Amino acid sequence: MAAQEIDNSTTWGKELWDQFDNIATHTQKGIDFIERFGGFIRDRSAIEVEYALKLRRLVKNYQPKKSKEDEENEFSSLIAFKNVLKEVADLAGQREVVAENLQNQVLQGILLLAKNLREERKKALNQGASLTQSLHTQIGTLDRAKRSYEKAFREAEKAIESYHKADADFHLSRADVEKQRVNMNIRNSQSEDAKSEYANQLQITNKQQQQHYQIALPEVFNRLQELDEKRTRGMKEFIKRSADVEYEVSPIIAHCLEGIVKAADSINEKDDSMIVIEKYQSGFQPPGDIPFEDLSKPDPDAANNSQTHNSSTGLNHMTGKGTTKDKLKKRVGIFGIFTGNKNNLSTDGLKEDFSDLPPTQRRKKLTAKVQELQQKVAQEQAASDGLMKMKGVYEANSMLGDPRTVEEQLNESVNRLDRLRHELLRYQKLLEQANNQSFIQHSPQSNRVIQNGQRSSRHSNGSSNHENSHEDNGEDHPDDAGSLSRSASESSVQQAQNGLNINNNGSSASPESGLGTSHTSLPGSGQGSTNEQPMNEEFYEADTPLGTCRALYPFDATSEGSIPMSEGEELQVIEVDQGDGWTRVRRFSSKGWEEGFVPTSYIECTLYA
């Protein structure tokens, strides 16, 4: 009972009995406030959705491109970064869950509560206004009754006063005095009636006013108080619910963050360094010491080199015409007789026997190819065995099927199996040859190339392929351009010295002597073409220099088509390296213009922009 009294003593109906307008304004502001809170939840949900969308776009933009080589040798840092992207994508998904729950569980509840509060407030205010209007009407009636009573009372007083004056005046007749007495009685009677009406209206008004301020209006105020407290409780619950939405996804977010930390811990810099070695190790050994050249002692090979050089220069000058950039965009077309089918390339642009790769990389590729073929052979063998069993079952029971239906499939499977085994045997021999290679080539690891004013580095094996012999396993390898080019160039040099290898146009067939190949020997040009220009014409005008180069190491020309150079010598670049490790250059000497090939790894190029 005491608690009830305390509650009643703190109600709006008792404490704010005269603050109807202020209560109405306060409740309106409260509803506006909770609707504003709903707008905050709505905007926050939109931000969460936008954040999740941007996170997903970020993950998509930074997703590493897939490549077969990267899948074989993936760095731990790259794998970790991919895992980080996955975790970030999961974080984006959790932000979307937060946005969805805020909209469905918080925002919708706020909107529904605000709607109900607004309707209840409207009903309460209408009822309060009706009660107030009724009280004001009764007070108006009381005022009118009071004014009537006041008027009647004054008129009765005046009538009494007139009667007493008439009664005291001896000059008036008895009839006039009686008339004043009658008028006095009438006015007194009217005054008493007005007084009674006034007293009655006063009693009614006081009763209604008491009912209004103690019962009716407090009920309305208490309803408005309950409504406002309901709005306040809803605000409290919705704020807690918005926090609970975050709590619900926090374990998953924590798990994502743990995954990011785990991905970072998985990075191993030593393993990545070993992957770099496995990926780029060429198998070459660093070049040895450069020997001292004593110019005071005669060089027995100088005469032979000079003779060979002069012969090469003479042949180059005789057949230099027709080797313009337009006609020699790729020397593969000229070297077709040495390199075999120009289409003998794998899908990744490498030769089928990977002879254009360094030794270590070649062994790696050959090993992977052997394993791939072994897997294909095993699969095809299993398929063939299955067809054989099916054929045997059909032969044993003809009702199950006709054995001739699998005969053709079995023959095709056997043919495919034979081809795969033959290809596997070929690659196994190539791998055995690569593993048993006892002669390790020496090659400068990389040459510096300057293009458009910027430095870059690239590896070249062309010089090694031309300067070292190729071990033969008894099979022809048309793709092994380096070995065939070497043997062909040596034979052409010897035959050129003996006058045995001069064709109708005076050109050599050496693959290194692309300069010495006349345009009449190009594919489709035919021998003795009438398009040949006079020999004294400036045939170098068509070969515009592509840049300049400087010799990093001395080079002695030992084969047809190559020219010697000394360390630090400046030359003009006529044709860049086409992938065979050789660059065509030109220089001017006392004998005139000289043009030929030098190892790309021996020079530093500066190409024009």
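As the structure is a prediction and not an experimental result, all values here were calculated from the model.

Caption draft 1: Summary view of the side chain of Q201. Checked against the element boundaries, Q201 lands in helix α6 (residues 174-265). At 2.9 Å, the side chain of Q201 forms a polar contact with the side chain of Q138.

Caption draft 2: View of the pairing of strand β4 (residues 570-575). Here four bridges tie strand β3 (residues 547-551) to β4, and the two strands are oriented antiparallel to one another. Note on β4: the bridge partner recorded for R550 is E570. Sheet topology note: the β4/strand β5 (residues 582-589) ladder contains three bridges and is antiparallel. Looking at the pairing, Q572 lines up with R586 of β5. Between β4 and β5, which pair antiparallel one after the other, the connecting turn spans six residues, and G579 there sits at a positive phi close to 105°.

Caption draft 3: Region of the structure containing the nonpolar core. Counting residues in hydrophobic clusters, the biggest one holds 20 residues, and the most contacted among them are I34, F37, I41, L102, V106, I110 and F238. Residue assignment for this core shows that the elements contributing at least two residues are α3 (20-61), α5 (76-168) and α6. Looking at this core element by element, the count peaks at nine residues for α5. Those residues in contact with L102 that sit more than four places away from it in its chain are I41, R44, S45, L107, S242 and V245. Counting 16 residues, the second-largest nonpolar core is a separate cluster that includes L546, I563, V598 and Y602.

Caption draft 4: Examining helix α7 (residues 269-280) more closely. Helix length check: α7, at 12 residues, gives a terminal C-alpha distance of 17 Å against a target of 16 Å (1.5 Å per residue), a fit within 8%. Looking only at α7, the buried set comprises D272, I275 and K279. For α7, the angular spread of buried residues about the axis comes to 55°, placing them on one side.

Caption draft 5: Spatial organisation of the packing of α5 against α6. Where α5 contacts α6, the two axes come as close as 6 Å, and the packing angle between them is 175°. Comparing the axis directions of α5 and α6 gives the class roughly antiparallel. The residue inventory of the contact of α5 with α6, partitioned by class, reads 46 nonpolar, 27 polar and 19 charged.

Caption draft 6: Quick peek at the pairing of β5. By the criterion of burial, β5 is predominantly enclosed, with six of the eight residues buried. From the end of β5 to the start of strand β6 (residues 592-599), which pair antiparallel, there are two residues.

Caption draft 7: Here's a closer look at the pattern of salt bridges. The full count for this structure, using the stated rule, is 21 salt bridges. When the shortest N-O distance is used, the salt bridge between D32 and R118 registers 3.8 Å. With D32 in helix α3 and R118 in helix α5, this residue pair connects regions lying 86 residues apart in the sequence. Residue D32 is classed as partly exposed on the basis of its relative accessible area, which comes to 36%. For R118, a relative accessible area of 32% puts it in the partly exposed group. Among the salt bridges present, the one from R241 reaches E248, with a minimum N-O distance of 3.1 Å. Judged by its relative accessible area of 22%, R241 falls in the partly exposed class. Residues participating in the shared-partner salt-bridge network are R44, E48, R95 and E246.

Caption draft 8: Local environment of the packing of aromatic side chains. A full pass over the atoms with the stated rule returns nine aromatic pairs. What links up through ring pairs into an aromatic cluster is the set Y553, F555, W582 and Y602. Residue placement shows R586 over the ring face of W593; its charged tip is 4.9 Å from the ring centre.

Caption draft 9: Region of interest: the side chain of S45. Relative to the assigned elements, S45 resides in helix α3. Residue classification places S45 among the buried residues on the basis of a relative accessible area of 0%. Look past the residues within four positions of S45 in its chain and what remains in contact with it is A99, L102 and Q103.

Caption draft 10: A look at the packing of α3 against α6. Relative to each other, α3 and α6 sit at 15°, their axes nearing to 10 Å. Regarding the angle of α3 to α6, the classification is roughly parallel. As for how α3 packs across α6, the hand of that crossing is left-handed. Facing F20, I23, H26, T27, G30, F33, I34, F37, I41, R44 and E48 of α3, the residues of α6 in contact are L217, F221, L224, D228, R231, M235, F238, I239, S242 and E246. A class-by-class count of the residues in the contact of α3 with α6 yields 12 nonpolar, four polar and five charged.

Conventions we followed
Residues numbered from 1 in each chain as written. Predicted model: local features only at pLDDT ≥ 70, side-chain atom pairs only at ≥ 80, totals over all residues. Heavy atoms only, no water. Helix = DSSP H or I, 4+ residues; strand = E, 2+ residues; numbered from the N terminus. Polar contact = N/O pair within 3.5 Å; in protein donor to acceptor, adjacent residues only side chain to side chain. Pairing = 2+ DSSP bridges. Core = buried A, V, L, I, M, F, W, Y, C linked by side-chain atoms within 4.5 Å. Buried < 20%, exposed > 50% of the residue type's maximum accessible area, 1.4 Å probe, protein only. Contact = heavy atoms within 4.5 Å. Expected span 1.5 Å × (residues − 1). Arc of directions from axis to C-beta. Axes fitted to C-alpha atoms, helices over the stretch in contact; angles between N-to-C directions. Parallel < 35°, antiparallel > 145°, perpendicular 65-115°, else oblique. Nonpolar A, V, L, I, M, F, W, Y, C, P; charged D, E, K, R; others polar. Salt bridge = Lys/Arg side-chain N within 4 Å of Asp/Glu carboxyl O. Phe/Tyr/Trp six-rings, centres within 6.5 Å; stacked < 30°, edge-to-face > 60°. Lys NZ or Arg CZ within 6 Å of the ring centre and 35° of its normal. Left-handed = near helix turned anticlockwise from the far one by under 90°.

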